[in-house]
Amino acid sequence: MANDPKPHLIINDGYYQCLDYKYPKTGRGGTFSIMERNRAIHGTALKRQLEAIKDQFQINKEADVDENLIKDGVVYVEFTSAWGYALKFESLDRDSSAINRQPFQLLNIRSEKRENEDQEEYRSHATLLLKEKGVSEFIKKVEEYLIGTNEKKGPEAGEKMVKGTAKNSKLLSNIELIKIATLKAFWTDGPEIPFPETDESIWWEVWFRKSDDGNADRVANVVNNLQTVGCQIGEAKLEFPEHIVRLIKGTITQLGSSLLLLDNLAELRKPVEIADIIYHSDKRVEQQNQTDYLEDLVSRTDVEINEHSTLICILDSGANNQNPLIGSVLPEVNRYSLKEGWGKDDSCDKGGHGTGVASLALYGDLIEVINSSERIRIFHGIESYKIFNPRDLNDPDFYAAVTIEAVNTPVVDRPEANRIYCMTVTDKRLSFNGRPSAWSAAIDEVAFGSAFEPRTPQIFIVSGGNVEIHKHDEYPNKNFLESIHDPAQAYNAITVGAYTRKDRIDVNIGLTPLALNGDMSPCNSTSLIWYSQWPNKPDIVMEGGNSTTNGTDISDDPSLKLLAVDAEYPNFLFQPFGDTSAAAALAAKLCAELRTEYPALWPETIRGLVIHSADWTDRMLQGKTLNMMSENEKSNLLRTFGYGIPSLARAKYSYNNSLTLIAESEIQPYKLEGSAGKYNDFNLYELPWPKDVLESLHELDAKLTITLSYYIEPNPGAKQYRYSNNYHYHSHSLDFAVIKPDEPVEIFRRRISANAELPEDEINNRGEPWAIGRKGTKGSIRKDFVTMSAEEMSKRNCIAIFPKNGWYKTRKKLQRFNEVVRYSLIISIETQKADLYTPVFTAIENRVDV
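Residues numbered from 1 in each chain as written. Predicted model: local features only at pLDDT ≥ 70, side-chain atom pairs only at ≥ 80, totals over all residues. Heavy atoms only, no water.

Participant: Teacher, can you tell me more about the overall build of the protein chain here?
Facilitator: Looking only at helices and strands, the protein chain features 22 helices and 36 strands. For the protein chain, buried positions account for 58% of its 850 residues. Looking at the protein chain alone, contacts between residues at least 24 apart form 81% of all its contacts between residues at least 6 apart. Summed over all atoms, the accessible surface of the protein chain reaches about 35,500 Å², with 46% contributed by carbon and sulfur. (Helix = DSSP H or I, 4+ residues; strand = E, 2+ residues; numbered from the N terminus. Buried < 20%, exposed > 50% of the residue type's maximum accessible area, 1.4 Å probe, protein only. Contact = heavy atoms within 4.5 Å. Areas by Shrake-Rupley, 256 points an atom, 1.4 Å probe, with all protein chains shown as cover.)

If you want it as C-alpha cells, here you go:
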C-alpha cells in the first residue's frame, strides 16, 4: 500500500447543523469579596469626598484659562480600592449607546502591587469621567448605603421582611479614596515604565474615547486645545472600536491644562521606540568560494512566479535587490519606503537586516541549499516595505499607524495577490505581561481584515523578539524572565520564537554550543511572566541559530548561524544570520509554500495548518509526555516553545494512515435578547469517518488532533480585562468538544448546550483526557490531541463548535451582537497502519446532499 502524499480533504458543506446555544451552567461562579466597614464612618467619608468633587465643577467654571480653550464641563475622578480588594467595575460604568449623554463613564483601570508580610497584595485604581449629574448619582448611592440594610421580602406574600446587606455595599465598601484625577491617573504603562515626571516636552501616546455620535467637532476641539497650549500633534492616527489613538508632543502642564478640560481623554502611554530590534553577528562569510556558491545557486534556481503568485511582504529596514538571488524575485516596483528620503535600500549595517530576512523567506537557510544538488524552485515573490531606519531615530513613529499604512500600500498595486505579512521589528520594553498595545492591536486588525476595505483577513507573522545573552549562566533563566516583545503579543499573529539544531562548531577549540540540539535558542523570549488570561506566545519556533560558550562568556560563531544573502553586493555575497528574525523569515517561507499549494484556503486555515503540524522535540519535553506533565509544566512549555516546530509535509499533505479534514465555516456567536447580549448558535458536525477501518484495528493506538483557528476583532484599552466579565479585548471566543464513546448525539448536544433539554442524570460528565487541556485555550487558536484505541476512535465522529465570551456580547453600546464570524476547523486521525484516507475520500466524493 503506497503511502504517497495526498491533498487534505475539504468538508465545507452539508456536514454540520447550526443549533441554538445556551451556556450549560454547571455551578456557581466565584464570589466578590467585600471589606468589612463601619458603615456610618465610611459612608460619611465617601460623601465628603464626593461633595468636594461636586464643588470642583464651580471652581472649573470660574477658573481663569485661555479664552481659546474649549471646556466640556466635566471632571475626571480617580477611585482607589482598599489594599487586597477589588472595585465593582461594572457599577462604575454606563454601557450605553448614548454614552455621550450619560452622567459617568469608566475610562481605564490600573492595578498596583506591594509586598505585605512577604505576600503580594493588590489594589485597583479606576479613572472615571463624571458630569455634575453623575456626582449627584454617586452621592445618592452613598446616602442609600448610610441608611442601612437592603431589606428583601420573604418567599411568600405577607411574610415579614428579612435582613439583607447594606444597599450599594458591593460598590462602596471596597472604595478607599475618591479624588480629582491628575494626568498621572491616565498613565497605563506603569509600573514597568513609570509616569514621566519631567518638565520637558516629550512624546505621548494619547488614547481618546471615541465619540459615539461621530461628531468631528469633538476631535477638532482636542486639536484646538492642544495647539492653543503649544503642543505638537502627530499626523498619524489609529481607530479602534472604542478609541482613537494619536501621538502628542508636549509637557505635563500643557497636556493637563488642555486635555483635562475635554471629555474624551481615556489613557496615556509611552510611544514605541525601536532601539534594539536588530542583533546578529557582525562576522561575514569569508570570500573564498563565495562566487562559486553564488553562481551554482543561481544556475540551479527556477523562478516560477506570475501575477497570481503568493507574495511575502517584509516589514523591516528595507531590502536590497542587487544580489542575483533576490533581484529576479524582488523587482523595483515591489519595494516601498515609509519616507521618501530614506530610500528603499537596506539601512542596516553589518550585512543588512531586511535583506537577510528576504533571502531566508525565499530560500531558507542557504547552508542547506548549498549542500544540496537539487534544483531550487521559487513559486512565491517578495515585497519589501521599509518601516524602520536606524539612522533616523529623532521623533518616534506611531508604529501602529505605520503598520496599517505599510500593509495597505502594496495592496493598491497588486490587489488580487495572496500575501504573507512578515514583521521582524519589535520593541522589548512594551509588551507588559501580555497586555495589548496599539501596535499589537493594529496587527490584530490587519489579520482580522478590518484594516482593509472591503474587509480582507490576512496572515501576519511577527518575530518574538531577541534576548541578548552575554554570560553562560544567563541561559536559560534570562530567556524565561524576558517577555515576548511588542507587538508580538497580538492574538491573531503567528508569533515565532527560536529553537536550534545547530550544535556543530567548525574549528573553535575550547568552545562548546550553549544550547543543546533541539532546545531553545539563546535568543528566544517567552511569555512565562505574562498574566494568565493572555495568549500563549510564541505560537511556534523555528531555527534561530546558537551561540558558543567557554563556560563563562558567550560568543558568536558563523558555523552556528544560518546563512543569508548580504546586502552589500558585490563586496559581500553572504552573511551569517540568526535570532527570531531568521525564525520568522523561515515561518513566512513555510506559509507561502502552503498558501501556494492551497490558494483558495482562508488565512485562518493556513495559520491553523501551520500550528496543527507542529510538535516538540524531546529536549523541549524534557523526556516526558504531556500526560506526565503537571498543569504548570504544560503552561511553561506553551509559553516557551508554543506548539513546537511546524512540519511543511504534515501541514501540506495527508497520507493513507494520516488523514486531515478541513472545514471552513461561519457562526453567529451572540444575539440581542431584550436589553442584553446572549449566546446564539453552535455548530454540530457529523463527520465522514473511517469507522469500519478503525474498528478492524481494535486496540491499536489512534491519535486525534484538532485545531480551531479564528481571528478576533480587537478592542484595546486599559479597562482591566482580568477583573471583569464585561471588558474583553477579544470580540468573541470559540471552543470545541468531541462526542464521547457510546454517547448518543442527543446527550452530546445537551452536554454542549442547555437548550437541548434532557434530564441531568442522563448526562455523561466524564472529562476528555486531552493532552494539553485548558492551558491551551488562550488566544484565538486552540489545538489539542488525544490518543486512544482505534476502536474507540471509530465512535468519535461528532464535534461541536460553540461560543464563549467576548465584547461583541458584553459591550452593549457598540451594538455588535449580530456579527457573523469565520473559523477553520482542522481534524486529523493517525494510525501506524491501515488506509484511513481512501474510504473517507470515497464517502465525500459520493455524498449526495439532500
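Participant: What's the story with the pairing of strand β4 (residues 75–81) in this structure? I'm lost.
Facilitator: Along any regular strand the residues' side chains alternate between the sheet's two faces. Buried residues dominate β4, accounting for seven of its seven residues. Of the two faces of β4, the one carrying Val-75, Val-77, Phe-79 and Ser-81 and the one carrying Tyr-76, Glu-78 and Thr-80 are both buried. Where β4 and strand β6 (residues 119–130) come together, six bridges link them in antiparallel fashion. Paired with Glu-78 across the bridge in β6 is Thr-127. Where β4 lies against strand β7 (residues 175–180), five bridges are found, and the strand directions are antiparallel. Within β7, the position partnered with Thr-80 by the bridge is Leu-177. (Pairing = 2+ DSSP bridges.)

Participant: Looking at this structure, how should I read helix α22 (residues 837–845)?
Facilitator: Of all the positions in α22, only Tyr-837, Val-840 and Ile-844 are classed as buried. End-on view of α22: buried residues confined to an arc of 75 degrees, all on one side of the axis. The inward-facing, buried residues of α22 contact β1 (6–7), β2 (9–10), β27 (653–654) and β28 (658–667). (Arc of directions from axis to C-beta.)

Participant: Any chance you could explain the packing of aromatic side chains here in plain terms?
Facilitator: Remark: the centre distance and the inter-plane angle together describe each pair of aromatic rings, the angle taken between the planes. For the coordinates displayed, the defined rule picks out 21 aromatic pairs. Where Phe-79 meets Phe-138, the ring centres are 5.4 Å apart and the plane angle is 45 degrees; that geometry is what we call tilted. Of the two residues, Phe-79 is situated in strand β4 and Phe-138 in helix α2 (residues 132–147); the sequence distance between them amounts to 59 residues. Across this residue pair, the class does not change: Phe-79 and Phe-138 are buried. (Phe/Tyr/Trp six-rings, centres within 6.5 Å; stacked < 30°, edge-to-face > 60°.)

Participant: Quick question: what am I supposed to make of the confidence of the model for the protein chain here?
Facilitator: Segments scoring low in pLDDT should not have their predicted coordinates read at a detailed level. Of all residues in the protein chain, 90% have pLDDT values of 70 or greater, and the mean over the chain is 89. Predicted confidence for residues 151–164 stays below pLDDT 50, and this span has 12 contacts to residues more than four positions away or in other chains. The low-confidence segment residues 275–283, where pLDDT is below 50, has 29 contacts with residues more than four positions distant or belonging to other chains. (pLDDT = per-residue confidence, 0-100.)

Participant: Please clarify how the pattern of salt bridges should be interpreted in this entry.
Facilitator: On inspection of all chains with the given rule, the structure shows 43 salt bridges. Taking the shortest distance from any N to any O, the salt bridge between Asp-189 and Arg-435 comes out at 2.8 Å. Separated by 246 residues along the polypeptide, Asp-189 in the loop between β7 and β8 (202–209) and Arg-435 in the loop between β17 (419–423) and α11 (438–448) bring together distant segments of the chain. In this structure Asp-189 comes out as buried when scored by relative accessible area, which is 1%. Lys-502 is the partner of Asp-365 in a salt bridge, and the nearest nitrogen-oxygen pair spans 2.9 Å. Here Lys-502 lies in the loop between β19 (494–500) and β20 (512–513) and Asp-365 lies in the loop between α8 (353–363) and α9 (366–370), a separation of 137 residues in the sequence. The buried category is assigned to Asp-365, whose relative accessible area is 6%. (Salt bridge = Lys/Arg side-chain N within 4 Å of Asp/Glu carboxyl O.)

Participant: What am I meant to see in the nonpolar core here?
Facilitator: Generally speaking, a soluble globular protein has its nonpolar side chains buried in company with each other. Core analysis: the biggest nonpolar cluster contains 184 residues, and Ile-461, Trp-616 and Ile-799 have the highest contact counts within it. Per-element accounting of this core gives the leading share, 11 residues, to helix α13 (residues 579–597). Ranked by size, the runner-up nonpolar core spans 27 residues in total, among them Leu-87, Phe-89, Ile-109 and Tyr-145. (Core = buried A, V, L, I, M, F, W, Y, C linked by side-chain atoms within 4.5 Å.)

Participant: Looking at this model, I keep getting lost on the sheet that holds β2. Mind explaining?
Facilitator: Two modes of strand pairing occur in sheets, parallel and antiparallel, and in both the strands are linked by backbone hydrogen bonds. In spatial order, the strands read β2-β28-β36-β32-β34; together these five strands make up an open sheet with mixed pairing. Edge positions in the sheet fall to β2 and β34 (781–789), since each of these pairs with one other strand and no more. In this structure, strand β32 (residues 701–709) lies alongside strand β36 (residues 821–831), joined through eight bridges in antiparallel fashion. Residue pairing across strands places Thr-705 opposite Ser-828, the latter belonging to β36. Where helix α14 (residues 603–612) meets the sheet, its contacts fall on β28, β32, β34 and β36, and the angle it forms with β36 comes to roughly 30 degrees. (Axes fitted to C-alpha atoms, helices over the stretch in contact; angles between N-to-C directions.)

Participant: How do you make sense of the sheet that holds strand β35 (residues 798–804) when you look at a structure like this?
Facilitator: Ordered by their spatial adjacency, four strands build an open sheet running β3-β31-β35-β33, and the pairing between neighbours is antiparallel. In this open sheet, the two edge strands, each paired with only one partner strand, are β3 (16–20) and β33 (733–738). Strand after strand, the sheet turns through a mean of 25 degrees between neighbouring axes, direction not considered. Sheet topology note: the β3/strand β31 (residues 681–686) ladder contains five bridges and is antiparallel. Counted as the bridge partner of Asp-20 is Asp-681 from β31. In this fold helix α19 (residues 745–752) packs onto β3, β31, β33 and β35, with an angle of close to 15 degrees to the strand it touches most, β35.

Participant: Teacher, can you tell me more about the side chain of Ser-731 here?
Facilitator: Turning to its location among the elements, Ser-731 is positioned in the loop between β32 and β33. Overall, the relative accessible area of 0% leaves Ser-731 in the buried class. Within the local environment of Ser-731, its side chain forms a polar contact with the backbone nitrogen of Glu-713, the two atoms lying 2.8 Å apart. Look past the residues within four positions of Ser-731 in its chain and what remains in contact with it is Tyr-670, Ile-712, Glu-713, Gly-806, Trp-807 and Tyr-808. (Polar contact = N/O pair within 3.5 Å; in protein donor to acceptor, adjacent residues only side chain to side chain.)

Participant: Help me understand a negative patch on the surface, please; the structure alone is not making it clear to me.
Facilitator: A grouping of Asp-692, Glu-695, Glu-699 and Glu-791 is seen on the molecular surface, where their side chains present a negatively charged patch. Summarising the element assignment, Glu-791 is placed in helix α20 (residues 790–793). On the basis of relative accessible area, Glu-791 is assigned to the partly exposed category, the value being 31%. (Patch = residues over 30% accessible without salt bridge, like charges linked within 9 Å, V, L, I, M, F, W, Y side chains within 5 Å. Lys, Arg positive; Asp, Glu negative; His and termini not counted. Charge placed at Lys NZ, Arg CZ, Asp CG, Glu CD.)

Participant: Sorry if this is basic, but what is going on with the packing of α8 against α13 here?
Facilitator: Packed helices, taken two at a time, are described by the angle between their axes plus the distance between the axes. Running from amino to carboxyl end, α8 crosses α13 at an angle of 35 degrees, the nearest separation of the two axes being 7 Å. Our pair here, α8 against α13, has a crossing hand that is right-handed. On α13, the residues that touch His-353, Val-357, Leu-360, Ala-361, Leu-362 and Tyr-363 of α8 are Ser-581, Ala-582, Ala-585, Leu-586 and Lys-589. Its residues assigned to classes, the contact of α8 with α13 shows eight nonpolar, two polar and one charged. (Left-handed = near helix turned anticlockwise from the far one by under 90°. Nonpolar A, V, L, I, M, F, W, Y, C, P; charged D, E, K, R; others polar.)

Participant: Would you mind going over α11 with me for this structure?
Facilitator: Given 3.6 residues per turn, any residue in an α-helix points the same way as the ones three and four places further on. When you tally the buried positions in α11, you get 11 out of 11 residues, the bulk of the element. Within the span of α11, buried status applies to Ala-438, Trp-439, Ser-440, Ala-441, Ala-442, Ile-443, Asp-444, Glu-445, Val-446, Ala-447 and Phe-448. The backbone nitrogen of Trp-439 has a side-chain oxygen 3.3 Å away, supplied by the residue at the start of α11, namely Ser-437. Directly after α11, the chain includes Gly-449, whose backbone phi takes a positive value near 105 degrees.

Participant: Whenever I open this one, unusual backbone geometry confuses me. Can you help?
Facilitator: Backbone geometry follows two general trends: most residues other than glycine have a negative phi, and most peptide bonds adopt the trans configuration. Note that the residue after Asp-486, namely Pro-487, is joined by a cis bond; omega there is 10 degrees. The omega torsion of the bond from Lys-537 to Pro-538 falls at 5 degrees, within 30 degrees of zero and hence cis. The phi torsion at Asp-579 lies on the positive side, around 75 degrees, for a residue other than glycine. Topologically, Asp-579 is positioned in helix α13.

Participant: Even after reading the chapter, I still don't get the environment of Thr-251, so can you show me in this structure?
Facilitator: If you trace the backbone, Thr-251 turns up in the loop between β10 (243–250) and α5 (252–259). In this structure the C-alpha to C-alpha distance between Thr-251 and Ile-202, which are 49 residues apart in sequence, comes to 6.3 Å. Setting aside its immediate chain neighbours within four residues, Thr-251 contacts Asp-199, Glu-200 and Ser-201.

Participant: Quick question: what am I supposed to make of the side chain of Lys-634 here?
Facilitator: Following the sequence through the fold, Lys-634 ends up in helix α16 (residues 631–641). Among the residues examined, Lys-634 registers a relative accessible area of 8% and is labelled buried. Reaching out from Lys-634, the side chain makes a polar contact with the backbone oxygen of Ala-771 at a distance of 2.8 Å. Contacts of Lys-634, omitting those with residues within four sequence positions, involve Leu-626, Met-629, Trp-770, Ala-771 and Ile-772.

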